[in-house]
Amino acid sequence: MGVSLMTVYVIYITFIIFVILLIVIGIYFLTLLRYHKVQNKKVAEVVDEIKDMMENHLSYDDLGKIPKEELEYLQRITSNKIGLQGFLICYKNHIDKKGFNEKSREYANKIVDYKKLLNNRIVRNKYRQSYILYLLAEFGMNTEEVEEFALGSLKKNSIYVRNNALRVIQNASNVFLVLEALDLIDNSDHYFNDKILIDFLDGFMGDKVLLNEHLINKMDSYSNRLKRIIIEYFSNNCVDYEEVKLKVLYYLSTSEDKELLIASIKYFGKVFDDMALIYIVDKLNAEDWELRAVSAKVLGQYKNEDIKQELFEALRDENYFVRYNSVFSYIGMEDEKVLKDSIDKIKDRFARHMLIYAMQSRGIISFQEYSNILEPVVENYTVVLNPLVEEVAHNDN
């Protein structure tokens, strides 16, 4: 049956429409490329125009002596998107060369007006608040109005707005602003990612000693989740004040929250304290395997005969990860000859296999010795000889 004339027309028209669409799309992207090229050229012109002026301003001992007309000129430039981008490039170049300081912050506070940015169409409405917060964070601005704007932004639904608001608060160097933000976050219905909150505290640009003192004083008023985040921040920065150690020790000895306990145990894996040992050893026998596993790993940091015996006993734990952490902690504090002599004395096959595997992986015995010591077949169990994987599969035959 031949193809009808109507079918040919449909195919022909479809092809023409397809070609037209390709042309339109091509024109759109070429226009967009041209637009960005023009925009980048204009930004580069702004940079060339103001970079020397900025460097001159920031060389003043007193920024109050900068000519008023020059400040007003920069304020006009930064009220539009292209001028603002050019100013940001110059500012970041200066920070990269000279480092951030209070003078550069004061300078940005004099030039950039976030209220004007909110009212100008620098970006589409959907992204405007997030972008403005990003800019305020980059400039390290900390006027009272900016701080209030950032705190209010923590209540917004957009995760990008909230995260950029945290960066503004982080860079504002105001301890009490951080504490206010933590109170708001702890009582918020919005979710804040744990890692972002830890990074928020880690990257705080103000007086960390003062921040730590206030965090310790307020710890008990926070939720268990925020307590854990603060303890992880203390761990990352090895904050070892006596008050901090006592507070974390208190949570380790009294809390029933698993995640808070894990954070407390890990803290004492970086900040050593013999008073914590009794509680960490106790958690080596906890019902929850994660508590046992993290305790086994942290105890490897403490060289102690009693701990060595506890770790040796934990080689028989029913959980693989507990055995794994225990054996590597154990062999890190035991004499190599004693380790080799103990192989035949261990009756528990899982503990024995784990010890042999750990010794081989740490170079205490060679792979050939590992293969010779480990029996390929033990009663009705088939053992897969792989130094990277500990696998025991039951054989029903």
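Predicted model, so just to flag it, every value in this text is computed and none were measured. (Residues numbered from 1 in each chain as written. Predicted model: local features only at pLDDT ≥ 70, side-chain atom pairs only at ≥ 80, totals over all residues. Heavy atoms only, no water.)

Caption draft 1: The arrangement of the environment of proline 67 in detail. Inspection of the secondary structure assignment puts proline 67 in the loop between α1 (5-57) and α2 (68-77). Take proline 67: its relative accessible area is 23%, and that puts it in the partly exposed class. (Helix = DSSP H or I, 4+ residues; strand = E, 2+ residues; numbered from the N terminus. Buried < 20%, exposed > 50% of the residue type's maximum accessible area, 1.4 Å probe, protein only.)

Caption draft 2: Spotlight on the packing of aromatic side chains. Within the structure shown, the criterion is met by 17 aromatic pairs. Judged by centre distance (6.2 Å) and plane angle (25°), the ring pair of phenylalanine 87 and tyrosine 91 falls under stacked. With phenylalanine 87 and tyrosine 91 both in helix α3 (residues 81-98), this residue pair falls four residues apart, about one helical turn. For the pair shown, phenylalanine 87 and tyrosine 91 are each scored as buried. Among the aromatic residues, those joined into a ring-pair cluster are Trp289, Tyr320, Phe321, Tyr324, Phe328 and Tyr357. Positioned over the ring face of phenylalanine 192 is arginine 162, at 5.2 Å from the centre of the ring. (Phe/Tyr/Trp six-rings, centres within 6.5 Å; stacked < 30°, edge-to-face > 60°. Lys NZ or Arg CZ within 6 Å of the ring centre and 35° of its normal.)

Caption draft 3: Spotlight on the side chain of glutamine 170. Take glutamine 170: it is sitting in helix α8 (residues 159-171). Of the residues examined, glutamine 170 reaches a relative accessible area of 13% and is grouped as buried. The contact partners of glutamine 170, leaving out residues within four places of it in the chain, are Asp199, Phe200, Gly203, Phe204 and Met205. (Contact = heavy atoms within 4.5 Å.)

Caption draft 4: Representation of the pattern of salt bridges. Under the defined criterion, the tally for this structure stands at 19 salt bridges. The closest approach of N and O atoms between lysine 92 and glutamate 138, which form a salt bridge, is 3.4 Å. Within this pair, whereas lysine 92 is found in helix α3, its partner glutamate 138 is found in helix α6 (residues 125-139), the two being separated by 46 residues in sequence. Residue glutamate 305 pairs with lysine 308 through a salt bridge whose shortest N-O separation is 2.9 Å. With glutamate 305 and lysine 308 both in helix α17 (residues 305-314) and three residues apart, this pair spans about one turn of that helix. The exposed category is assigned to glutamate 305, whose relative accessible area is 57%. (Salt bridge = Lys/Arg side-chain N within 4 Å of Asp/Glu carboxyl O.)

Caption draft 5: Spotlight on the confidence of the model for the protein chain. The pLDDT averaged across the protein chain works out to 87; a share of 92% of its residues lies at or above 70. pLDDT under 50 marks residues 376-397. Its contacts with residues more than four places away, or in other chains, come to 33 contacts. (pLDDT = per-residue confidence, 0-100.)

Caption draft 6: Geometry of the environment of isoleucine 198. Topologically, isoleucine 198 is positioned in helix α10 (residues 194-202). Accessibility expressed as a relative area gives 8% for isoleucine 198, which makes it buried. Residues isoleucine 198 and lysine 303 lie 105 residues apart in sequence; the distance between their C-alpha atoms is 30 Å. In this structure isoleucine 198 touches Ile229, Glu232 and Asn236, once residues within four positions along its chain are discounted.

Caption draft 7: Structural view of unusual backbone geometry. If you check the backbone angles, serine 173 has positive phi at about 65° while not being a glycine. Phi angles above zero are rare outside glycine, and cysteine 238 is one such case at about 50°. Inspection of the secondary structure puts cysteine 238 in the loop between α12 (224-236) and α13 (242-254).

Caption draft 8: Molecular detail of the packing of helix α9 (residues 175-186) against helix α11 (residues 208-218). In contact at an axis separation of 10 Å, α9 and α11 are set at 35° when each is read in the N-to-C sense. When the axes of α9 and α11 are compared, the crossing they make is right-handed. Contacts between α9 and α11 involve Val175, Phe176, Val178, Leu179, Leu182 and Asp183 from the first element and Leu210, Leu211, His214, Leu215 and Lys218 from the second. (Axes fitted to C-alpha atoms, helices over the stretch in contact; angles between N-to-C directions. Left-handed = near helix turned anticlockwise from the far one by under 90°.)

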